[in-house]
Amino acid sequence: MYNHKTNLLRAIALLILLPMMSLAHGQEETWRLNLKDADIRAFVTQVADITGYSFVVDPRVKGKVTVLSSAPMNKDEIYDLFLAVLNVHGFTAIPGEEVIKIVQQVDAKQSAEILDRFPETPSEQLITRVIQIDNANALELVPILRPLVAKYGHLAGVAAANALIVSDHRSNIERIEQIVRELDSPSKYEVEVIQLREAWVGDMVTLLQELAPDELGKAGGENAARKYSVTADERSNRLILRGDETFREKMRELIRKLDQPSATGGTTKVIRLKHADAKNLTEILKGVMGEVLKEGGSGSGGAGGGTAGNPNNNFSVFADEGLNALVVRGDPSLMQEAEQIVAQLDLRRAQVMIEAAIVEISDELGQDLGVQFAAGDESGESTPVVGTNFGNVGRSLGDVLTAILTESAITPATGGITIGAGERDEDGLSWGILLQALSTSSAANLLSTPSIITLDNQESEITVGQNVPFRTGQTAVTGDGLSNPFTTIERRDVGLTLKVTPTISADGLVRLVVEQTTESVADSIENASDIVTNKREIKTTVLADDGETIVLGGLTRDDLQVTKSKVPLLGDIPVLGRLFSSESQSRIKRNLLVFLRPKIMLGKADAVAATDEKYKALWEVNLNVREKLGLPSAEERPAIDDLFDSGSEMRAQ
């Protein structure tokens, strides 16, 4: 029954509207709508037939509508008219993906609209839009615009984004956007730079903020800080003002009154240094600031204040080496520049640990073989002697003759083998023969690994060796003839010396100025009147990356010496000639190399790690010694701080 009645009403409405419809010229179809006291649901049905949209009607949507249309309208215009009729009766249409919901206006802002179905958003469509504010404060615009928004609409400001959120009909939102554009136009703000003559910009900004809190943000909120600002250009002692003409005029007047010469002619400040040396830094400041004053009184550009050629400007600096502090006195602009220089120079300097490895390998071989004989006749008045004498092997001919004449045994040569035989008969004829053979060899492998830590660009030196006395003078008789012998000596370090000056570049490369000396006391040398030392020295400048091992230099020496002595003619006889000759052969090979490895330590952590690594190596040596002595090893390595305790576990062990 209900469906039959609905269809009947629909047919009646179509019969009423049909005479009022006509086709537009061309392909687009148009309609004229004239309704009087028609049911709003029938009106929705008619619009659905014209536009082809599907509607879902809220049960609370009820009432009678009257529509008078004299001009023909297309489908989009019909839908816009439909929205206007709904708006007049307190309803609105919310488009979704598939259907359009007809609801009361008060419930519309809680629903999301999807406008993809419309080539152009209808002017009466209820939408939500975000309006970005560029210059004005969004929160200040909310009370101004709220009366323009419909009661069922929504208006709010977002402080963080400085934007407005508006929910209203498209046409009304466009009107609000036009108003916002006019209100959000940038004010006539300008930037002005003011050069201070006497005062310092840092102090001036603080004073202006105290004297003008409303404009500079202390009492005026964020908006005031955005509109007006005073910025200090400390490099050139200038103030940068931003604001309108009224604000800038006020600031200029205050600055004119405040930018006056100091009553004391300057200020004094004590700067405590953390890392730099006060004496060295004083010389740098005197040089730099002296040039600034020389260029024009106080240097209007470089010093950051003052007028060029102003004789009232002065600067002085003194070093307190006890406190490692600077006492600085001068005009504020010069004081500020001095503080900036000190801040950039008073930095913790990097350290470099330099590890060296000096490796020396030597090998010596020697062979000696010789035969000596002697014969003598003591029966006559004289003692005729015949024999061979070779001084490069074993005993000499004199030793052999002495043994024969004194009937004593000859002392064998040191090392090797010595074979001797001899006889003395009744007639005084004596003879003796001595065969000596010696082969020697020695090898040595010397490794020295000194290490030292020093500051960047600071020379360091380490010496490990002996303090050896060298004779410098001697006398046995004084000038008056009285015996008063004396000997003067000079002590000198003999051993290993490493002197290094590292310089760290910005990219982590280390430049090393190196002087490395290895000196040792030589074995006794025949006919030497004093101590003889062997010395090997390297002086060079090298580049190395952090942690890179490089070789500084080396020496390879191969010394072969062969000495042969023989009796002429007899020594050349094959086989038997060995009885009349002596041969000595020696060969010395030495290889010396010096390696260096720098390691940059930028902070405390690097220094602690390097210290712990060296302490660990020391502890390993301690464990090895205890193991060789058969002592029990410690279960746990003591802390490095225990080295400084009188009852250190490491010393106790």
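Residues numbered from 1 in each chain as written. Predicted model: local features only at pLDDT ≥ 70, side-chain atom pairs only at ≥ 80, totals over all residues. Heavy atoms only, no water.

The name that an unreviewed UniProt entry assigns to the protein chain is General secretion pathway protein D, with the source organism given as Marinobacter pelagius. According to its UniProt record, the protein chain has this under Sequence similarities (unreviewed entry): "Belongs to the bacterial secretin family. GSP D subfamily." (UniProt positions renumbered as here; feature names shortened; annotations may be inferred.)

Engineer: Would you explain the sheet that holds strand β10 (residues 229-233) in this entry?
Structural biologist: Pairing between the strands of a sheet comes from backbone hydrogen bonds, and it takes one of two forms, parallel or antiparallel. With antiparallel pairing, the three strands of this open sheet are ordered in space as β9-β11-β10. In this open sheet, the two edge strands, each paired with only one partner strand, are β9 (190-195) and β10. Sheet twist, expressed as the average angle between the axes of neighbouring strands with direction ignored, equals 20°. Taken together, the five bridges between β10 and strand β11 (residues 238-243) define a ladder with antiparallel strand orientation. (Pairing = 2+ DSSP bridges. Helix = DSSP H or I, 4+ residues; strand = E, 2+ residues; numbered from the N terminus. Axes fitted to C-alpha atoms, helices over the stretch in contact; angles between N-to-C directions.)

Engineer: Help me out: how do you make sense of the packing of aromatic side chains in this one?
Structural biologist: In this description, an aromatic ring pair is defined by two values, namely the gap between the centres and the angle between the planes. Taken as a whole and assessed by the stated rule, the structure comprises six aromatic pairs. Look at tyrosine 53 and tyrosine 79: their rings are 5.3 Å apart centre to centre, the planes differ by 90°, and that puts the pair in the edge-to-face class. A residue pair is termed long-range when its members are at least 10 positions apart, and tyrosine 53 in the loop between α2 (40-51) and β2 (55-57) and tyrosine 79 in helix α3 (residues 75-88) qualify at 26 residues. Each member of the pair tyrosine 53 and tyrosine 79 is classed as buried. (Phe/Tyr/Trp six-rings, centres within 6.5 Å; stacked < 30°, edge-to-face > 60°. Buried < 20%, exposed > 50% of the residue type's maximum accessible area, 1.4 Å probe, protein only.)

Engineer: Is there a simple way to explain a negative patch on the surface in this structure?
Structural biologist: Side chains of Asp507, Asp545, Asp546, Glu548 and Asp606 sit close together on the surface and give a patch of like negative charge. Its place among the elements puts glutamate 548 in the loop between β23 (533-545) and β24 (550-566). For glutamate 548, a relative accessible area of 31% gives the class partly exposed. (Patch = residues over 30% accessible without salt bridge, like charges linked within 9 Å, V, L, I, M, F, W, Y side chains within 5 Å. Areas by Shrake-Rupley, 256 points an atom, 1.4 Å probe, with all protein chains shown as cover. Salt bridge = Lys/Arg side-chain N within 4 Å of Asp/Glu carboxyl O. Lys, Arg positive; Asp, Glu negative; His and termini not counted. Charge placed at Lys NZ, Arg CZ, Asp CG, Glu CD.)

Engineer: Even after reading the chapter, I still don't get the confidence of the model for the protein chain, so can you show me in this structure?
Structural biologist: If pLDDT is low for a region, its predicted coordinates should not be looked at in detail. For the protein chain, per-residue confidence averages 75 on the pLDDT scale, and 71% of positions sit at 70 or higher. The low-confidence segment residues 13-26, where pLDDT is below 50, has 15 contacts with residues more than four positions distant or belonging to other chains. (pLDDT = per-residue confidence, 0-100. Contact = heavy atoms within 4.5 Å.)

Engineer: Which parts of the structure should I look at to understand the packing of helix α6 (residues 201-211) against helix α9 (residues 245-258)?
Structural biologist: Each pair of packed helices gets described by two things: the angle between the helix axes and the distance between those axes. Orientation of α6 relative to α9, taken along the N-to-C sense of each, is 125°, at an axis distance of 11 Å. When the axes of α6 and α9 are compared, the pair comes out oblique. Relative to α9, the crossing made by α6 is right-handed. Note on element contacts: α9 touches α6 through Met251, Leu254, Ile255 and Leu258, opposite Met204, Leu207, Leu208 and Leu211. Split by residue class, the contact of α6 with α9 holds eight nonpolar, no polar and no charged. (Parallel < 35°, antiparallel > 145°, perpendicular 65-115°, else oblique. Left-handed = near helix turned anticlockwise from the far one by under 90°. Nonpolar A, V, L, I, M, F, W, Y, C, P; charged D, E, K, R; others polar.)

Engineer: Is there a simple way to explain the sheet that holds strand β6 (residues 126-132) in this structure?
Structural biologist: If you trace the three strands from one edge of the open sheet to the other, you get β6-β8-β7, paired in antiparallel fashion. Because the sheet does not close on itself, it has two edges, and the strands there are β6 and β7 (154-158). Strand-to-strand twist across the sheet, computed as the mean angle between neighbouring axes with direction ignored, equals 15°.

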